[in-house]
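Observations on chain architecture
This is what each chain is made of:
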Amino acid sequence: MQQQEKSGEQIVIVGAGLAGLAVALGLHRKGVRSVVLESSPALRASGFAFGTWPNAFRALDALGVGDKIRDLHLQAQVLRVTSSSTGEVARELDFTGKQGGRPFEFRCVRRDVLLQVLEAELPGDTIRYSSKIVSIDDEHDDAKIIHLADGSTLRAKALIGCDGINSVVSRWLGLAKPSHSGRWATRGLAHYPDGHAFQFQPKFLQFFGHGFRFGYVPCNANDVYWFYTWPPSPHDDGVDKSSGAKMKQYVLTKLRSSKVPAEALELVQRSEISDDAPATPLRFRSPFSLLFADC
Ligand SMILES: Cc1cc2nc3c(=O)[nH]c(=O)nc-3n(C[C@H](O)[C@H](O)[C@H](O)COP(=O)(O)OP(=O)(O)OC[C@H]3O[C@@H](n4cnc5c(N)ncnc54)[C@H](O)[C@@H]3O)c2cc1C
């Protein structure tokens, strides 16, 4: 039988999310070439933004992009946790102090910005878009044969899986399926073209109680990120998660019946919630599954 010619790479990373691009950049800084296979035709930034703590900034500094991310995002000065049932402040953490001799840092980083900053530092031919892997085979010399959805194959000496929660690589490694945390989440980004007032004393505000956790924090002078998570209960089973507009109405209804301030309602009202994934079950893969996997 005629053997199909396979193009080869030393190191292949699957997934151009935060993990995949960070790994590729770390290798690049050490002078090691890699190729990143990404199923989407462009960078995917669903989820808008996320909270970034001092350990994340240590990693970003090691990759040489920490200051770029700092320049583009506000440093939160305080985390305040309030009961959404009573309106009482339950806890307040000052973010203006130091940790380990360095200023404590908490910023809400826009996912698209972080992905673009990482991508810009990589050689132009590193990421191959529209390259979805569907399966993997072992070759006799420990190389891996990667099968792509378009029918092509790629041979790799080392394969690094960064393909997210539904990872093909994890499945191939025999890792346990991700567990459901028992909570759902929806997120949004409120955009203020002329700037917003939250930038002058940036705070990370969280509200617990009334059957939900809700929080908001400014990313920069124009954008405020918010999240809302809830455990499905018999009462909430009928939540319509089919569109961003429906999720927004659900969140607004819940917030209106609680002690969350009016400014929060305003920012949810003006925000965009993606129709792509209006709500997500929060799932995680235990690191122990790496130890006990059959691989
Ligand atoms: C509601 C919510 C809030 C969160 N908030 C925070 C937070 O505040 N702070 C925090 O640190 N984390 C947070 N997380 C977790 C964080 O989003 C994830 O840990 C992070 O995005 C994981 O990055 P990743 O690169 O591993 O995976 P992903 O971001 O999922 O990227 C995986 C990439 O792989 C690609 N891919 C998938 N399958 C294939 C395939 N077969 N072939 C090729 N490419 C493929 C995808 O298109 C994607 O680009 C949150 C998650 C959720 C759901």
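See the structure above.
Described in the following lines is the structure provided in the data block. The structure displayed is predicted, hence computed values, not measured ones.

Some points on helix 2 (residues 54-62)
Along helix 2, the residues that are buried comprise P54, F57 and L60. Along the long axis of helix 2, the arc covered by the buried residues comes to 115°, so they all point the same way. For helix 2, exposure combined with an orientation more than 90 degrees from the buried face picks out N55 and A62. Its buried side turned inward, helix 2 meets strand 3 (49-52), helix 3 (66-72), strand 6 (98-99), strand 8 (107-110) and helix 4 (111-120). Looking one or two places after helix 2, you find G64, whose phi comes out positive at around 85°.

What to know about the site of the ligand
The full set close to the ligand counts 23 residues, and A19, E38, R44, G51 and R111 are the nearest of them. E38 places a polar side-chain atom, nitrogen or oxygen, 2.6 Å from an oxygen atom of the ligand. At 3.1 Å from a nitrogen atom of the ligand is found a main-chain nitrogen or oxygen belonging to S39. Here the ligand, which alone exposes 990 Å², has 67% of that area covered by the protein. Residue assignment for the shell around the ligand shows that the elements contributing at least two residues are helix 1 (18-29), strand 3 and strand 13 (179-191). Along the lines of polarity and charge, the residues of the shell around the ligand split into 10 nonpolar, 7 polar and 6 charged.

Structural notes on the layout of surface pockets
If you add up the space inside the second largest pocket, you get close to 190 Å³. Taken together, R80, T82, A197, F198, Q201, K203, L205, F207, Y216, P218, P261 and E263 make up the lining of the second largest pocket. When residues of the lining of the second largest pocket are traced back to their parent elements, those giving at least two are strand 4 (78-83), strand 14 (203-209) and strand 15 (212-218). Among the residues forming the lining of the second largest pocket, the class breakdown is 7 nonpolar, 2 polar and 3 charged.

Let's talk about the side chain of S131
Position of S131 among the secondary structure elements: in the loop between strand 9 (127-128) and strand 10 (133-138). By relative accessible area, S131 is classed as buried at 11%. From its side chain, S131 meets the backbone oxygen of Y129 in a polar contact 3.0 Å long. S131 has contacts with L37, E38, S39 and L148, leaving out every residue within four places of it along the chain.

Some details on the packing of helix 1 against helix 4
Between helix 1 and helix 4, the least distance of the axes is 9 Å, while the angle of their chain directions is 25°. As summarised for this structure, helix 1 and helix 4 are arranged roughly parallel, according to the angle between their axes. In this structure, helix 1 meets helix 4 at a crossing whose hand is left-handed. Contacts between helix 1 and helix 4 involve L18, L21, A22 and L25 from the former and R111, L114, L115, L118 and E119 from the latter.

Observations concerning the packing of helix 6 (residues 244-256) against helix 7 (residues 262-269)
One can describe the packing of helix 6 onto helix 7 by two numbers: an axis separation of 10 Å at closest approach and a directional angle of 175°. Taken together, helix 6 and helix 7 sit at an angle that is classed as roughly antiparallel. Seen from helix 6, the contacting residues are K248, V251, L252, L255 and R256; seen from helix 7, they are L265, V268 and Q269. Residue composition of the contact of helix 6 with helix 7, by class: 5 nonpolar, 1 polar and 2 charged.

Focus on empty space enclosed by the protein
In this approach, a probe sized like a water molecule rolls over the atoms, and the result shows the empty space that is left. For the structure shown, the criterion picks out 1 cavity of 30 Å³ or more. Counted as a void, the largest cavity has a volume near 40 Å³. Around the largest cavity, the lining residues are P54, F57, R58, Q99, R102, P103 and E105. Secondary structure elements with two or more residues in the lining of the largest cavity: helix 2 and strand 7 (102-103). In terms of residue count, the dominant contributor to the lining of the largest cavity is helix 2 (3 residues).

Quick look at unusual backbone geometry
For S130, which is not glycine, the phi dihedral falls at a positive 50°. Despite not being glycine, H210 shows a phi value in the positive range, around 65°. Considering the arrangement of structural elements, one finds H210 in the loop between strand 14 and strand 15.

Conventions we followed
- Residues numbered from 1 in each chain as written.
- Predicted model: local features only at pLDDT ≥ 70, side-chain atom pairs only at ≥ 80, totals over all residues.
- Heavy atoms only, no water.
- Buried < 20%, exposed > 50% of the residue type's maximum accessible area, 1.4 Å probe, protein only.
- Helix = DSSP H or I, 4+ residues; strand = E, 2+ residues; numbered from the N terminus.
- Arc of directions from axis to C-beta.
- Contact = heavy atoms within 4.5 Å.
- Near = heavy atom within 4 Å.
- Polar contact = N/O pair within 3.5 Å; in protein donor to acceptor, adjacent residues only side chain to side chain.
- Areas by Shrake-Rupley, 256 points an atom, 1.4 Å probe, with all protein chains shown as cover.
- Nonpolar A, V, L, I, M, F, W, Y, C, P; charged D, E, K, R; others polar.
- 1 Å grid on protein atoms, 1.4 Å probe; cavity = no way out; pocket = protein on both sides within 12 Å on 5 of 7 lines; lining within 4 Å.
- Points joined across faces, edges and corners; volume = space filled by probe spheres on them.
- Axes fitted to C-alpha atoms, helices over the stretch in contact; angles between N-to-C directions.
- Parallel < 35°, antiparallel > 145°, perpendicular 65-115°, else oblique.
- Left-handed = near helix turned anticlockwise from the far one by under 90°.

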